[in-house]
Each structure stands twice: as structure tokens, then as C-alpha cells.
Amino acid sequence: QVQLIESGGGLVQAGGSLRLSCVASGRTFSSYNMGWFRQAPGKEREFVAGIRWSGGSTYYADSVKGRFTISRDNAKNTVYLQMNSLKSEDTAVYYCAAEPDRGRPYSTTYYRDATYDYWGQGTQVTVSS
């Protein structure tokens, strides 16, 4: 069992930046592919960014490409989401998710909810215009 705890959300003005963190329990974090998703009020949860267990490959939704950066520190069991040039449409609850690497091609599954076995409780990000 893996527990994920997000932090770093808050209220920020449009154009500002935030860095989200997600700390995972357990000793096998380095073997997990990690993703960030978000859900805005009245909308379905959507993929934001993903990173392979090795950190060697990263993936982004088109809406955040060039503004958000996902990274990980396996020594700290932590994955980050650096969010720059924030827009009002980035307002949402942001969730961290984990998938134990099973040798499947993460490059084709990173964007799917069903890929991930474990989810955090979420952290609210509000961008004021």
C-alpha cells in the first residue's frame, strides 16, 4: 500500500507560480510511475503531467506544456509539479497518482486514470484573474 500526500496548493494571481509536492510512503517509490491530474468544478478529472519511475521520460497535457514541469526526487520519495504562468483555467484540485512499474509501456498509458493504483487526497489551486 502506498500513501500519497500532496501539498503546495493555494491562491495565486494569474501569471504567478506555485510548486506542488507529493510525498509517498513506502520504500519502493523509485519503481513507481507518477502522475498529476486535476479536476475543476463541474468537470471531469484530467491528466496534467506524468513521469516514469526513472525520471527519464516526462509527459504533459497540451494545455500545460511549456508552463508546467514535473520532476521527482527518489531519495526523498517526492514528485513535484512546478507551475508557472498560471491562468484562471488552471484552477482545480490537483491530485498525485502512482503506478507500480509493471513493465507495461507507460508511454501509451500515462494519461489514463485507470493506469494508476494509488491516489492522494488532492490540493486546491486557485488562480485569480
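Worth saying up front: this structure is predicted, and the values here are computed from it rather than measured.

Asker: Pulling in residues and values, what's your account of the sheet that holds strand β1 (residues 4-7)?
Answerer: Pairing is antiparallel in the open sheet, where 4 strands are placed in the order β1-β3-β8-β7. In this open sheet, the two edge strands, each paired with only one partner strand, are β1 and β7 (68-73). Neighbour-to-neighbour, the strand axes of the sheet open up by a mean angle of 15°, direction not taken into account. As judged from the 6 bridges shared by β7 and strand β8 (residues 78-83), these two strands associate in the antiparallel manner. Each residue of the ladder has a partner; that of Asp73, found in β8, is Thr78.

Asker: Give a description of unusual backbone geometry that names residues and reports values.
Answerer: If you check the backbone angles, Asn77 has positive phi at about 55° while not being a glycine. Along the polypeptide, Asn77 turns up in the loop between β7 and β8. Although it is not a glycine, Ser85 sits at a positive phi angle of roughly 50°. Structurally, Ser85 can be placed in the loop between β8 and β9 (92-100).

Asker: Residues and numbers for the state of the cysteines, please.
Answerer: Applying the stated criterion across every chain, the model contains 1 disulfide. Across a sulfur-sulfur distance of 2.1 Å, Cys22 and Cys96 are joined as a disulfide pair. Its torsion about the S-S bond being -75°, the disulfide of Cys22 and Cys96 is classed as left-handed. Taken together, the positions of Cys22 in strand β3 (residues 18-24) and Cys96 in strand β9 put the pair 74 residues apart, joining distant regions of the chain.

Asker: Provide a residue-level description of the environment of Tyr32, including the pertinent values.
Answerer: As for its position among the elements, Tyr32 is in strand β4 (residues 32-39). In the structure, Tyr32 is positioned 17 residues away from Gly15 in sequence and 32 Å away in space, judged by C-alpha atoms. Among all residues touching Tyr32, those that are not within four sequence positions of it are Val2, Arg52, Trp53, Arg72, Ala98, Glu99, Pro100, Asp101 and Tyr118.

Reading guide: rules and limits
Residues numbered from 1 in each chain as written. Predicted model: local features only at pLDDT ≥ 70, side-chain atom pairs only at ≥ 80, totals over all residues. Heavy atoms only, no water. Pairing = 2+ DSSP bridges. Helix = DSSP H or I, 4+ residues; strand = E, 2+ residues; numbered from the N terminus. Axes fitted to C-alpha atoms, helices over the stretch in contact; angles between N-to-C directions. Disulfide = S-S within 2.5 Å. Contact = heavy atoms within 4.5 Å.

Take it as geometry only, folks, not as evidence of what the structure does.
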